[in-house]
Amino acid sequence: NAGVMQNPRHLVRRRGQEARLRCSPMKGHSHVYWYRQLPEEGLKFMVYLQKENIIDESGMPKERFSAEFPKEGPSILRIQQVVRGDSAAYFCASSSGTVHSPLHFGNGTRLTVT
Amino acid sequence: DQQVKQNSPSLSVQEGRISILNCDYTNSMFDYFLWYKKYPAEGPTFLISISSIKDKNEDGRFTVFLNKSAKHLSLHIVPSQPGDSAVYFCAASYSGTYKYIFGTGTRLKVLA
């Protein structure tokens, strides 16, 4: 499957625990985006990364959230000390990085904080 | 600050008729617009895009129209099919940034 792969599909965490969401971009893509969708809302931009670099994290909460895209391996979105308000669907997308190229999305990770 | 707006949260259309989904934007720097379709429990799927140098782009049953002066775009689906029932998101970006801003989505229901 050459599409964007996200895992896990579902993740349940208790308040205060850490959540790690993984994303492998499409083959040949080196640009990764993370979006969050809260219930009954649209897709909110969180962060845009290229290999080993965070390019734009303007949509990321200042505390508890971090993202990385190492030279080897998937991109990771990390949420420390999760709270109930973090419950949402988190979507990863990738692109080739050329101007005006569409984003290709994975099927998301649904995080539930109990 | 919602730069991309989809003011109709839902739309119902009879099978075989035209579906028209609307999207408005406020940032005049946007020069690339996209439409995505999303089924439950799946990620958004790219449908069609349009650059600001055009006012229309067509792909099969899907046509996107762009009115730059009104800062408005629309997606036409003709003829509508029950499999088109999904949530549709419009998105926008501009050259010099890689950020894509999404609207809140319109839920389309095509009735058989």
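It should be noted that the structure appears before, not after, this text.
What counts and how
- Residues numbered from 1 in each chain as written.
- Chains lettered and ligands numbered in written order.
- Predicted model: local features only at pLDDT ≥ 70, side-chain atom pairs only at ≥ 80, totals over all residues.
- Heavy atoms only, no water.
- Salt bridge = Lys/Arg side-chain N within 4 Å of Asp/Glu carboxyl O.
- Buried < 20%, exposed > 50% of the residue type's maximum accessible area, 1.4 Å probe, protein only.
- Helix = DSSP H or I, 4+ residues; strand = E, 2+ residues; numbered from the N terminus.
- Pairing = 2+ DSSP bridges.
- Contact = heavy atoms within 4.5 Å.
- Buried area = accessible area lost by both parts, 1.4 Å probe.
- Nonpolar A, V, L, I, M, F, W, Y, C, P; charged D, E, K, R; others polar.
- Phe/Tyr/Trp six-rings, centres within 6.5 Å; stacked < 30°, edge-to-face > 60°.

Colleague: Where do I start with the pattern of salt bridges in this structure?
Modeller: Between side chains of opposite charge, a pair can form as their charged atoms come close. Residues and elements named next belong to chain A. What the rule picks out here adds up to 6 salt bridges over all chains. In this structure, the salt-bridge partner of Glu18 is Arg20, at a minimum N-O distance of 2.8 Å. Arg20 gets classed as partly exposed once you look at its relative accessible area, which sits at 38%. With a closest N to O distance of 2.7 Å, Asp86 and Arg64 form a salt bridge. Pair noted here: Asp86 is in the loop between β8 (75-79) and β9 (88-95) and Arg64 is in the loop between β6 (53-56) and β7 (65-68), with a separation of 22 residues, a long-range link. On the basis of relative accessible area, Asp86 is assigned to the buried category, the value being 3%. Overall, Arg64 belongs to the partly exposed group, its relative accessible area being 24%.

Colleague: Sorry, what's going on with the sheet that holds strand β1 (residues 4-5) of chain B here?
Modeller: Adjacent strands of a sheet form backbone hydrogen bonds with each other and so pair up, either parallel or antiparallel. Residue and element names in this part refer to chain B. Read from one edge to the other, the open sheet built from 5 strands follows the order β1-β3-β8-β7-β6, with strand pairing classed as antiparallel. Each edge of the open sheet is held by one strand with a lone partner, namely β1 and β6 (56-59). Both strand β7 (residues 62-67) and strand β8 (residues 72-77) contribute to a ladder of 6 bridges, which runs antiparallel. Of the residues in β8, the one forming a bridge with Asn67 is His72.

Colleague: Please explain the interface of chain B and chain A as it appears in this structure.
Modeller: Reports of interface size often rely on the accessible area that becomes lost once the parts have come together. Contacts between the two partners involve 20 residues from chain B and, on the opposite side, 22 residues from chain A. Together chain B and chain A conceal approximately 1,800 Å² of surface at their shared face, both sides included; 57% is due to carbon and sulfur atoms. Contact with chain A buries surface across chain B, with Tyr98(B), Lys99(B) and Tyr100(B) losing the most and accounting together for 32% of the total. Connecting chain B to chain A are 1 salt bridge. A salt bridge links Lys99(B) to Asp56(A); the nearest nitrogen and oxygen atoms lie 3.8 Å apart. Broken down by element, the residue count for the side of chain B that touches chain A peaks at 4 residues, all from strand β4 (residues 32-38) of chain B. Tallied by class, residues from the side of chain B that touches chain A come to 10 nonpolar, 6 polar and 4 charged.

Colleague: Is there a simple way to think about the packing of aromatic side chains in this case?
Modeller: Where two aromatic rings form a pair, the distance of their centres and the angle of their planes describe that pair. This structure, assessed with the given rule, holds 13 aromatic pairs over all chains. Geometrically, the ring pair formed by Tyr35(A) and Phe102(B) is edge-to-face, given 5.2 Å between the ring centres and 80° between the ring planes. Of this pair, Tyr35(A) sits in strand β4 (residues 31-37) while Phe102(B) sits in strand β10 (residues 101-102), which puts the two residues in different chains. Residue Phe102(B) is classed as buried on the basis of its relative accessible area of 3%. Both rings, one in Phe30(B) and one in Tyr94(B), keep their centres 6.1 Å apart while their planes meet at 45°; by these two values the pair is tilted. Pair noted here: Phe30(B) is in the loop between β3 (19-25) and β4 and Tyr94(B) is in the loop between β9 (86-93) and β10, with a separation of 64 residues, a long-range link. Under the relative-accessibility criterion, Phe30(B) is labelled buried at 4%. Chaining the aromatic ring pairs together yields one cluster made of Tyr35(A), Phe45(A), Phe105(A), Tyr36(B), Phe46(B) and Phe102(B).

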